[in-house]
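# Structure at a glance
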Amino acid sequence: KAGVTQTPRYLIKTRGQQVTLSCSPISGHRSVSWYQQTPGQGLQFLFEYFSETQRNKGNFPGRFSGRQFSNSRSEMNVSTLELGDSALYLCASSLGGGLGTDTQYFGPGTRLTVL
Amino acid sequence: SQQGEEDPQALSIQEGENATMNCSYKTSINNLQWYRQNSGRGLVHLILIRSNEREKHSGRLRVTLDTSKKSSSLLITASRAADTASYFCATVHLNSGGSNYKLTFGKGTLLTVNP
């Protein structure tokens, strides 16, 4: 089976712009979660989607949003980018039990740089 | 603040030795997970232990959980140079409002295994 894929792998944006990141889960996986990783704050949970619905969410502002399509592919959007949004954004897929109850498989990440 | 905190922050050992990393957390958990991250293979799920379990094994990995002390440990036996990576614990717990689950990572232990 193909692993989790994320596009694009690298992205450079300027403050105030918006960005959309894409994640394709492993075939058959119905849950997709998103994480932000920075040197200062470490790995932080953004949200989890299951069956096209946001099932769980972390403590990020409303500028961070996501959605999931009927084929389980997911997109994450960040509006009005700030310098502090520069990070590695990881998505993970799992079969779809409750958050963290199934093994999560991570993609390689999208490296976002905000100038 | 971080739910999970790993100790030590960095650990350097020789190949063949055992490595022990500890994780402490603050609130009641649903389960606790350990992850490994290195530049070659990205973030990989290692093992999950539920709140009603005390010990789990997977190959050379042994995880213990003490919910009374709110702590967990990860033991890697007979370490290899390929085990060089950052190791994170992550807890799954209900948010303060009880409305959804969150997955919270610690800042990690950097393990270096010298050949």
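Residues numbered from 1 in each chain as written. Chains lettered and ligands numbered in written order. Predicted model: local features only at pLDDT ≥ 70, side-chain atom pairs only at ≥ 80, totals over all residues. Heavy atoms only, no water.

### Re the sheet that holds strand S3 (residues 19-25) of chain B
The strands that make up a sheet pair up through hydrogen bonds in the backbone, lying either parallel or antiparallel. Residues and elements named next belong to chain B. Heads up, the condition is: A pair of strands is considered paired only if DSSP assigns at least 2 bridges between the two. Here a strand is any run of E in DSSP of at least two residues, a helix any run of H or I of at least four, and the numbering for each starts at the N terminus. Note on definitions: angles span 0 to 180 degrees between N-to-C directions of axes, and those axes are lines fitted to C-alpha atoms, for helices only across the stretch in contact.
A sheet is described by the order of its strands in space; here five strands give the open sequence S1-S3-S8-S7-S6, paired in antiparallel fashion. Each of the sheet's edge strands pairs with one partner strand only, and the pair in question is strand S1 (4-7) and strand S6 (55-58). The mean angle between the axes of side-by-side strands here comes to 15°, regardless of whether they run parallel or antiparallel.

### Considerations on the pattern of salt bridges
Quick note on the threshold: Whenever a carboxyl oxygen of Asp or Glu lies within 4 Å of a side-chain nitrogen of Lys or Arg, that contact is scored as a salt bridge. Buried, partly exposed and exposed residues are distinguished by accessible area as a fraction of the type maximum, computed with a 1.4 Å probe on protein chains only: under 20%, between the cut-offs, and over 50%, respectively.
Following the criterion strictly, the structure yields seven salt bridges over all chains and no others. Its salt-bridge partner being A:Arg63, residue A:Glu82 comes within 3.6 Å of it at the nearest N-O pair. Within this pair, whereas A:Glu82 is found in the loop between strand S8 (74-78) and strand S9 (87-94), its partner A:Arg63 is found in the loop between strand S6 (53-57) and strand S7 (64-68), the two being separated by 19 residues in sequence. Its relative accessible area of 17% is what places A:Arg63 among the buried residues. One salt bridge connects B:Arg60 with B:Asp83, and the closest N-O pair in it is separated by 2.9 Å. With a gap of 23 residues between them, B:Arg60 in the loop between S6 and strand S7 (61-66) and B:Asp83 in the loop between strand S8 (71-76) and strand S9 (85-94) connect regions that are remote in the sequence. Among the residues examined, B:Arg60 registers a relative accessible area of 22% and is labelled partly exposed. Through salt bridges with shared partners, one network takes in A:Arg63, A:Glu82 and A:Asp85.

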